[in-house]
Amino acid sequence: MTGQEVLRIKSVTIKNFRAYYGDSGPILFSRDQESPVTIFHGTNGLGKTSMFNAIHWGIYGKERKSKDHKIKSEGLVNSYVIDSLKEGVNDEMFVKIQIENQNEDLQYEIQRKILLSKEGISSDLIVSDVLGGNVPRYIVANSEVSFSYKDPDSDDDELIKTKNPITVSSLLKKIFPRQLSNFFLLDGELLDDFMNSN
């Protein structure tokens, strides 16, 4: 990546993440170089903070929670998906983020996913690290992540893909340092935190 290259989020696709039920399809971000900012505005409960948390989780593997977010929550996956899951039927939650440069060339694609299945009948609640909250014991969850990137030394438009979690984590830390999220994901509800940390 050259020193003058600009990266921006091209699109985010969300499926079954918190307030989002089903597949959102690609949510496109501004690609206009004259106004490169995308603003999500709406009344409470429509998924604005969930959108920020989905992007943050997709890149870093952790949500950026608002100040009043409980430590033990309902989990990352939409609660209806958990409650309606039938035994022997699998479902998934995922966040896919596409990032391009100023020439609209796709540079990176990150997809973080949780695969769900139902095994057994016990409805006792347990704390699931994968799901990030209290969920019924019968829910089995496994996570996976993939990272695709353009080879800077190649003219080939095909992205190189890796699913090795250690490699993905290392590449993401190098390309998207955690402190950077304050500048490309500004949640108005956390404006005080942003001002105090910068």
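Residues numbered from 1 in each chain as written. Predicted model: local features only at pLDDT ≥ 70, side-chain atom pairs only at ≥ 80, totals over all residues. Heavy atoms only, no water.

Some points on the overall build of the protein chain
Here is the rule we go by: Per the convention used, a helix needs a DSSP run of H or I reaching at least four residues, while a strand needs a run of E reaching at least two, with both numbered from the N terminus. Relative accessibility thresholds used throughout: buried, under 20% of the residue-type maximum; exposed, over 50%; partly exposed, between the two (1.4 Å probe, protein chains only). By the convention used here, residues are in contact when the closest approach between their heavy atoms is within 4.5 Å. Calculation of accessible area relied on Shrake-Rupley with a 1.4 Å probe; when residues are assessed, cover is drawn exclusively from the protein chains displayed.
Counting its regular elements, the protein chain contains 5 helices and 8 strands. Counting the 198 residues in the protein chain, one finds 40% classified as buried. A sequence separation of at least 24 residues applies to 59% of the contacts in the protein chain between residues at least 6 apart. Of the accessible surface of the protein chain, which amounts to about 11900 Å², a share of 49% is contributed by carbon and sulfur atoms.

Comments concerning the packing of aromatic side chains
Put simply, the test is: Stacked, tilted and edge-to-face are the three classes applied to pairs of Phe, Tyr and Trp rings, where Trp contributes its six-membered ring and a pair requires centres within 6.5 Å; stacked means planes under 30 degrees apart, edge-to-face means over 60, and tilted covers the rest. Geometrically, a lysine NZ or arginine CZ counts as sitting over a ring once it is within 6 Å of the ring centre and also within 35 degrees of the ring normal.
What the rule picks out here adds up to 5 aromatic pairs. With 5.8 Å between their ring centres and 75° between their planes, Y108 and F176 make a pair best called edge-to-face. In this pair, Y108 sits in strand β4 (residues 106–118) while F176 sits in the loop between α3 (165–175) and α4 (181–184), placing the two residues 68 residues apart along the sequence. Judged on exposure class, the residue Y108 and its partner F176 are both buried. Relative to Y149, the ring of F147 lies with its centre 5.9 Å away and its plane at 25°, an arrangement referred to as stacked. With relative accessibility at 0%, the residue F147 sits in the buried group. A relative accessible area of 23% places Y149 in the partly exposed class. By the ring-pair criterion, three or more aromatic residues cluster together here, those being Y108, F147, Y149 and F176. The ring of Y138 carries the charged tip of K118 above its face, separated from the ring centre by 4.7 Å.

Considering the sheet that holds strand β7 (residues 139–149)
Note the following rule: By this definition, two strands are paired if DSSP reports at least two bridges between them. As a rule, the C-alpha atoms of each element are fitted with a line to give its axis, helices using only the stretch in contact, and angles between N-to-C directions run from 0 to 180 degrees.
Taken in spatial order, the 6 strands make up an open sheet running β2-β1-β3-β4-β7-β8, and their pairing is antiparallel. At either margin of the open sheet sits one strand with a lone partner, and together these are β2 (27–28) and β8 (160–162). Where β4 meets β7, 11 bridges bridge the pair, whose relative direction is antiparallel. Residue pairing for β7: R112 is matched across the bridge by V145. In this fold helix α1 (residues 48–60) packs onto β1 (7–15), β2, β3 (91–101) and β4, with an angle of close to 100° to the strand it touches most, β4. Strands in contact with α3 are β4, β7 and β8; relative to β7, the strand with the most contacts, it is inclined by about 55°.

Describing the pattern of salt bridges
Think of it this way: side chains of opposite charge can pair up when their charged atoms draw near. Condition: Whenever Lys or Arg places a side-chain nitrogen within 4 Å of a carboxyl oxygen from Asp or Glu, that contact is recorded as a salt bridge.
The tally for this structure, following the rule as stated, stands at 5 salt bridges. K15 serves as the salt-bridge partner of E92, at 3.6 Å between the closest nitrogen and oxygen. Placement of E92 in strand β3 and of K15 in strand β1 is noted, with a sequence separation of 77 residues between them. Of the residues examined, E92 reaches a relative accessible area of 19% and is grouped as buried. One salt-bridge network, held together by shared partners, links K15, D91, E92 and K113.

Focus: unusual backbone geometry
The residue N16 is not glycine, and still its phi comes out positive at about 60°. Along the polypeptide, N16 turns up in the loop between β1 and β2. Assessed through its relative accessible area of 2%, N16 is described here as buried. With phi around 45°, R18 is a residue other than glycine that occupies positive phi space. Take R18: it is sitting in the loop between β1 and β2. Looking at R18, the relative accessible area reads 8%, which means it is buried.

Taken by themselves, the reported measurements are silent on function.
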